[in-house]
Structure formats: C-alpha cells, structure tokens
Amino acid sequence: MVWRGKLALMSPAALLVGVFFMLPLGMALYQSLQLSGAWSLQNYTDLFSVPFSRSMWTTLWISGATTVITIAVAIPACNFVASRGGWFGGVFFAGMALAFTLSILTRTLAWQILLARNGFINSLLLQFNLIDRPLDLLYTRGAVLVAMVQVFIPYAAMVLYAGMRGIDRSLIMASRTLGANPFQTFLHAYWPQFKGSLVLAVLIVFSGCIGSFVVPSVLGGPDDTMFGQLMNNTLTSDFENGASRASAAGILMIVFLTGVLLVGLRIMGRSPTAGSPLMMARRPTQEQDA
C-alpha cells in the first residue's frame, strides 16, 4: 500500500514530464531519423558539414565567453552584497526581480538603439571628441556578447547571491585563526561551500546561451550565426527535410548539454543517482553492515 501511495503522489509530476518533455523528445528523435519518408542517419552526418560545424563552434565560443564574463562580473557584486546583508540584500533582490520583468526582446531592441551609428553611445563619443566618425558597434560579436551578458547576469546573480548568503563565515574565521593562509582558507573553508552555487550558475548561463536565438538574430552579423538561428533557417528554407535536420540538431544539442550537466554534477561531487530512491534505500543497509 505504501508504494501505491508514493506512485499516486508521483503521477502528476511523471505525467507532466512525460507529456511536455519525453513525448516531444521522442517525436524529435523519430523525426531526426527520417529523410524523405525513409529511415536514415543522413541528418546527423549533415551536422558535420561546414555551415553546421561553423555555427556550432560560433555557438560554443559565444556561450563560453558570455558565461565567463557573466560569472566574473556577478561574483564581486554578489560577494559585496552578501557580506553586508540588511537593506543591501533587499535592494539587490528587488533589482534582480525587476530585470526579470523585462522581456529579452525589449532589452535586445534597447541595445540595438544604443549601439546604432546614430545611437546614444556613438553620439556621446562624438560629443566628447573621442572619435572622429561613428563606430560600427551594431551587428558585431561584441554587441552580441554585451547584450547576452546583460540578459543572463540576473540568473547568475540570483544563484550566486543565494549561495554566498548560505556560507558559514565562522568556518572562514576559524581557518584564519588557526594559521591558514588566504589560499588555504579559500580552498578548504570557502570553496567547498561555494562550488555548488558556482557550478549551478555556470550551467544555467551556459545552457541558456547555447539555445539563444533573439539576441544573435537582432544584434549579430553573418559570422555570428548561432545554432538556434541555423535550426530556424533550416526549418523554414527546406520544406521537405528541414524539420528532420532541425530535429537532429536539437537532439545533438540535448546530448551535448546532458554531457555538460554530468560534468557539472561531477565537479559538485554529486552523482546523478545519489538522490534516487535506490541509493536512499541502500544507505541504511550499508550502515548496518558497517
């Protein structure tokens, strides 16, 4: 009877996962193996052609650079706010919540206005005689990076701030009192408490960047085509096999992000099955055997 109760409690979640994740994933996998109505792996081999491979490397480069810049900018700000608390934390939290209320498209279009040749940034530089003629800031990789960092900083900041607020500062003080140098204190007292939040923030930002479509479409140039854009172009330009090729690209992206997630869990010191019912059931038995 106990297992029936647990099964009943799990049924709504299992139904949601099955309908909104597993079913579309299965349909995409089936579609990716179809070519002109026949079973084929051609859609996957086409992913290693020049357009797809170039877009793949561009996506990884932009996503990696955005993640590094975002985390590097968010950590000092979050550490400053978390170490003070009080009204600092309230204002910080309110600012992050306000950022979530603005759509990505709105923020991206704002950057398009700011970075235009006759936009605010060029006008300001010309007014102070810092440049002789307007700079080509729009439709560049730099524009894509700046906008994507601005979009994903709230996500990273919320996770990092929550992690830093939970750090036990008394352990750090004890480490310094016992004679540990700053590096030893960071390695043994601070890092074990902070690494989970850092890895989670990296995974959230990197995964979001991989699937970005709006920012590179509006602000990027021809050399900044990311994987999501190429999937959309393939889907709309090839009416016969576009859906199959786009599905194959989506499956490849899911497999890659799953690998990134497993690496992140490994760094955090967790196993994907650590919290499973099987592992939870084995622990008492192992303790009794000991």
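Our subject is the structure listed above.
In this text the structure is predicted, and so the values were computed from the model without any measurement.

Caption draft 1: Looking closely at helix H5 (residues 104-115). Between its terminal C-alpha atoms H5 stretches 16 Å, which fits the 16 Å expected from 12 residues at 1.5 Å a residue. Among all positions in H5, only Arg-107, Thr-108, Trp-111 and Leu-115 are buried. Considered in projection along H5, the buried side chains sweep an arc of 100 degrees and stay on one side of the axis.

Caption draft 2: Representation of the pattern of salt bridges within the structure. Within this structure, the stated rule accounts for three salt bridges. Measuring nitrogen to oxygen at the nearest pair gives 3.1 Å for the salt bridge that ties Arg-245 to Asp-46. Residue Arg-245 is located in helix H12 (residues 242-267), and its partner Asp-46 is located in the loop between helix H2 (42-45) and helix H3 (50-84); the two are separated by 199 residues in the primary sequence. By the burial criterion, Arg-245 is buried, and Asp-46 matches it. Measuring nitrogen to oxygen at the nearest pair gives 2.8 Å for the salt bridge that ties Asp-224 to Arg-141.

Caption draft 3: Structural detail: the environment of Ser-55. By the secondary structure assignment, Ser-55 is in helix H3. Through-space distance from the C-alpha of Ser-55 to that of Arg-245 is 14 Å; in sequence the pair is 190 residues apart. Here the side chain of Ser-55 touches Thr-225 through a polar contact of 3.3 Å, landing on its backbone oxygen.

Caption draft 4: Up close: unusual backbone geometry. The backbone of Asn-129 shows a phi angle near 60 degrees, a positive value even though the residue is not glycine. Tracing the sequence through the fold places Asn-129 in the loop between helix H6 (120-127) and helix H7 (141-165). The backbone of Tyr-139 shows a phi angle near 60 degrees, a positive value even though the residue is not glycine. Turning to its location among the elements, Tyr-139 is positioned in the loop between H6 and H7.

Caption draft 5: Geometry of the packing of helix H11 (residues 227-237) against H12. Contact geometry of H11 with H12 gives a least axis separation of 7 Å together with a crossing angle of 160 degrees. In terms of axis orientation, H11 runs roughly antiparallel to H12. In the packing of H11 onto H12, the handedness of the crossing is left-handed. Of the residues in H12, those in contact with Phe-227, Met-231, Thr-234 and Leu-235 of H11 are Gly-242, Ala-243, Arg-245, Ala-246, Ala-249, Gly-250, Leu-252 and Met-253. For the contact of H11 with H12, the class distribution of residues is eight nonpolar, three polar and one charged.

Quick notes on the rules
Residues numbered from 1 in each chain as written. Predicted model: local features only at pLDDT ≥ 70, side-chain atom pairs only at ≥ 80, totals over all residues. Heavy atoms only, no water. Helix = DSSP H or I, 4+ residues; strand = E, 2+ residues; numbered from the N terminus. Expected span 1.5 Å × (residues − 1). Buried < 20%, exposed > 50% of the residue type's maximum accessible area, 1.4 Å probe, protein only. Arc of directions from axis to C-beta. Salt bridge = Lys/Arg side-chain N within 4 Å of Asp/Glu carboxyl O. Polar contact = N/O pair within 3.5 Å; in protein donor to acceptor, adjacent residues only side chain to side chain. Axes fitted to C-alpha atoms, helices over the stretch in contact; angles between N-to-C directions. Parallel < 35°, antiparallel > 145°, perpendicular 65-115°, else oblique. Left-handed = near helix turned anticlockwise from the far one by under 90°. Contact = heavy atoms within 4.5 Å. Nonpolar A, V, L, I, M, F, W, Y, C, P; charged D, E, K, R; others polar.

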